[in-house]
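Observations on the model geometry
Below are the chains, spelled out letter by letter.
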Amino acid sequence: MTDVSTLWEVGLPLAGTAGALGYAKVRAPRVFWSLVGLPVAATRFAVTYRSTMDVCGLTVQPSRLRAFMVRTVARRGDVQPVPPKIRRVRVSSTGLRVTLRLPAGLEPADVMAASERLRHAWGVHSVNVMETKPGFVELRMTGYDVLRKVRMPRGAPSGPMAVAVALREDGTPFVRDYLKVPHALTLGANQSGKSMYQRNLIAELARLRVALVGIDCKRGVEQKGFAPRLSALAITPDDASGLLDALVAEMETRFDLLSNLGASDVWELPDDLRPVPVVLLVDEVAELFLVATKKDEERRDRMVTQLIRLGQMARAAGIFLEVCGQRFGSDLGKGATALRAQLTGRVVHRVNDKQTAEMGLADIAPDAVVAVTTIPPDKPGLAVAGDTSGGWSRIRTPHLTAAEAAAICAEHAHLTPDIPALAPYRPDVPTLAGPAAPVLVKPVPATS
């Protein structure tokens, strides 16, 4: 009888604890990682580090001086290969970060190539390798799939034109920094999460002192809800052509200002003279390329030419491009390839064919094309982001409804600048009290 009661006293709490941990592993992975995963992974890493590096081919023969010191001073018969030296270990609610000093003979690409083997050896969900400075790399290990349910980390990104719009698979935010990557292309099939990415981008930009300009030739079904925060909006190809002409004229006016003040970039100007930055958001770029008549062809050629001019020169004038579409390549028509070459930032969601993935990533990150083609349809918002450095990573945007994004835009409507060159395209904002009326905001001079 005593044995049975003891079994109940000991076994019941153990069963309850095991059940709670199992529940936490599925429903609260952060909690499970902090309580169980982190101690286990840290111990496994510390105990097996040298042997794992040796098996993965990440050790090198020591220098002659080190070999001499080992044999003569330490009086050891054999000289062991040298692994990367651990400089720093940091823990977080999502994983481990380990900074390594690479010995002579190893390069970051060697560690990147072994990342999958390191992941299995230490029993973590993923291992991402980042070069922090010459001779140093950081292993970013995640204990669970942080992209299954996106929770953005706290803290705003640094920079006047930087916004965090998604979460990387290593647990860090994906930051859209327009001063580093001025123009970008976003691709994705229907229901892939492309619109979700755009909503998060607009919602974050709405909080900054920038002018948002929209082109949505689907009669504005995607962007009309953001009207309180838009300085201009075009919902037809004819309006889009006129708006692009106005943007080019604004760019040339800003170049005149820079020339008169002896500056090469608007960010070299003092705050009281700097024109407000402009972000142009094109919802479905293919609509600008479609033609039905000779007149449409002339308009298409003009719009494409103006977009290419903006892509080539507008960065210095503080004008940035965000182009979105389902497909984007030479099959759209003349000028498409030239425009794509200016859009150095790339975000590609699930696509319907490999050719579309190659359109977005093959010219900057060829090995990322396979990652795009394996995105499952039941994970909307999951994408691959790349840039001209050749680096890429999987990202996923947090869930944000169109109504929530529209509410954020309405909340920050007072930040909407009035640019005289774009005034004819300022959208009307409907109100519950009566017919549509324009939003009245304090004008912000375009060239001051």
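Computed from a prediction, not measured in an experiment: that's the story for all the values here. (Residues numbered from 1 in each chain as written. Predicted model: local features only at pLDDT ≥ 70, side-chain atom pairs only at ≥ 80, totals over all residues. Heavy atoms only, no water.)

1. Structural notes on the overall build of the chain
Assigned secondary structure in the chain consists of 13 helices and 16 strands. A total of 448 residues make up the chain; the buried ones form 49% of that total. Sequence separation of at least 24 residues holds for 64% of the intrachain contacts in the chain that already meet a minimum separation of 6. With an accessible surface of roughly 22300 Å², the chain has 55% of that area assigned to carbon and sulfur atoms. (Helix = DSSP H or I, 4+ residues; strand = E, 2+ residues; numbered from the N terminus. Buried < 20%, exposed > 50% of the residue type's maximum accessible area, 1.4 Å probe, protein only. Contact = heavy atoms within 4.5 Å. Areas by Shrake-Rupley, 256 points an atom, 1.4 Å probe, with all protein chains shown as cover.)

2. What about the nonpolar core?
Counting residues in each nonpolar core, the largest one holds 83 residues, and the members touching the most others are Ile 215, Leu 280, Leu 288, Phe 289, Leu 310 and Phe 328. Here the element with the most residues in this core is helix 7 (residues 237-261); it accounts for seven residues. Ignoring anything within four residues of it in the chain, the contact list for Ile 215 reads Gln 223, Ala 234, Ala 240, Leu 243, Leu 244, Leu 280, Leu 281, Val 282, Asp 283 and Leu 288. Counting residues in each nonpolar core, the second largest holds 31 residues, with Met 196, Ile 235, Val 347 and Cys 409 among its members. (Core = buried A, V, L, I, M, F, W, Y, C linked by side-chain atoms within 4.5 Å.)

3. A short note on the sheet that holds strand 13 (residues 382-386)
The mixed open sheet is built from ten strands, whose spatial order is 6-5-14-13-12-7-11-10-8-9. Where the open sheet ends on each side, the last strands, each with one partner, are strand 6 (173-177) and strand 9 (230-234). Taking each pair of neighbouring strands and ignoring which way they run, the sheet shows an average axis angle of 25°. Its contacts with the sheet put helix 7 on strand 8 (211-215), strand 9, strand 10 (278-282) and strand 11 (319-325), and the angle it makes with strand 8 is roughly 150°. Sheet contacts for helix 11 (residues 354-361): strand 7 (183-187), strand 12 (345-349) and strand 13; angle to strand 12, the most-contacted strand, approximately 160°. (Pairing = 2+ DSSP bridges. Axes fitted to C-alpha atoms, helices over the stretch in contact; angles between N-to-C directions.)

4. Quick look at unusual backbone geometry
We note that Gln 191 has phi near 65°; this positive angle belongs to a residue other than glycine. Within the secondary structure, Gln 191 sits in the loop between strand 7 and helix 6 (194-205). Under the relative-accessibility criterion, Gln 191 is labelled exposed at 70%. Its identity is not glycine, yet Arg 219 carries a phi of approximately 60°, on the positive side. Within the secondary structure, Arg 219 sits in the loop between strand 8 and strand 9. Residue classification places Arg 219 among the exposed positions, given a relative accessible area of 52%.

5. Concerning the side chain of Arg 299
Looking at the secondary structure, you find Arg 299 in helix 9 (residues 294-313). Discounting residues that sit within four places of it in the chain, Arg 299 has contacts with Pro 237, Asp 238, Ser 241 and Leu 290.

6. Some details on the pattern of salt bridges
Summed over the entire model, instances satisfying the criterion amount to 19 salt bridges. Note that Glu 169 and Arg 394 form a salt bridge whose closest N and O atoms lie 3.6 Å from each other. Residue Glu 169 is located in the loop between strand 5 (162-168) and strand 6, and its partner Arg 394 is located in strand 14 (residues 392-396); the two are separated by 225 residues in the primary sequence. The buried category is assigned to Glu 169, whose relative accessible area is 14%. The exposure class of Arg 394 is partly exposed, given its relative accessible area of 30%. As a salt-bridge pair, Arg 426 and Asp 418 come within 3.9 Å of each other at their nearest N and O atoms. Through salt bridges with shared partners, a single network forms among Arg 90, Glu 138, Arg 140 and Asp 170. (Salt bridge = Lys/Arg side-chain N within 4 Å of Asp/Glu carboxyl O.)

7. Details of the UniProt feature "binding site: ATP" (unreviewed entry) in the chain
The feature "binding site: ATP" (unreviewed entry), as annotated in UniProt, sits at Gly 188, Ala 189, Asn 190, Gln 191, Ser 192, Gly 193, Lys 194 and Ser 195 in this numbering. Note that Ala 189 resides in the loop between strand 7 and helix 6. Given the relative accessible area of 4%, Ala 189 is considered buried. For Ala 189, the contacting residues outside a window of four places in its chain are Lys 194, Arg 350, Val 351 and Asn 352. (UniProt positions renumbered as here; feature names shortened; annotations may be inferred.)

8. Quick notes on the packing of aromatic side chains
In this structure the tally under the stated criterion is four aromatic pairs. Considering the side-chain rings of Phe 45 and Trp 122, the 4.9 Å spacing of their centres and the 70° angle between planes classify their relative orientation as edge-to-face. Here Phe 45, found in helix 2 (residues 29-55), pairs with Trp 122, found in helix 5 (residues 115-122); they are 77 residues apart in sequence, far enough to count as distant. Neither residue differs from the other here; Phe 45 and Trp 122 are each classed as buried. Members of the aromatic cluster, connected to one another through ring pairs, are Phe 45, Tyr 49 and Trp 122. Here the guanidinium or amino end of Arg 176 rests over the ring plane of Tyr 178, the centre of that ring lying 4.1 Å away. (Phe/Tyr/Trp six-rings, centres within 6.5 Å; stacked < 30°, edge-to-face > 60°. Lys NZ or Arg CZ within 6 Å of the ring centre and 35° of its normal.)

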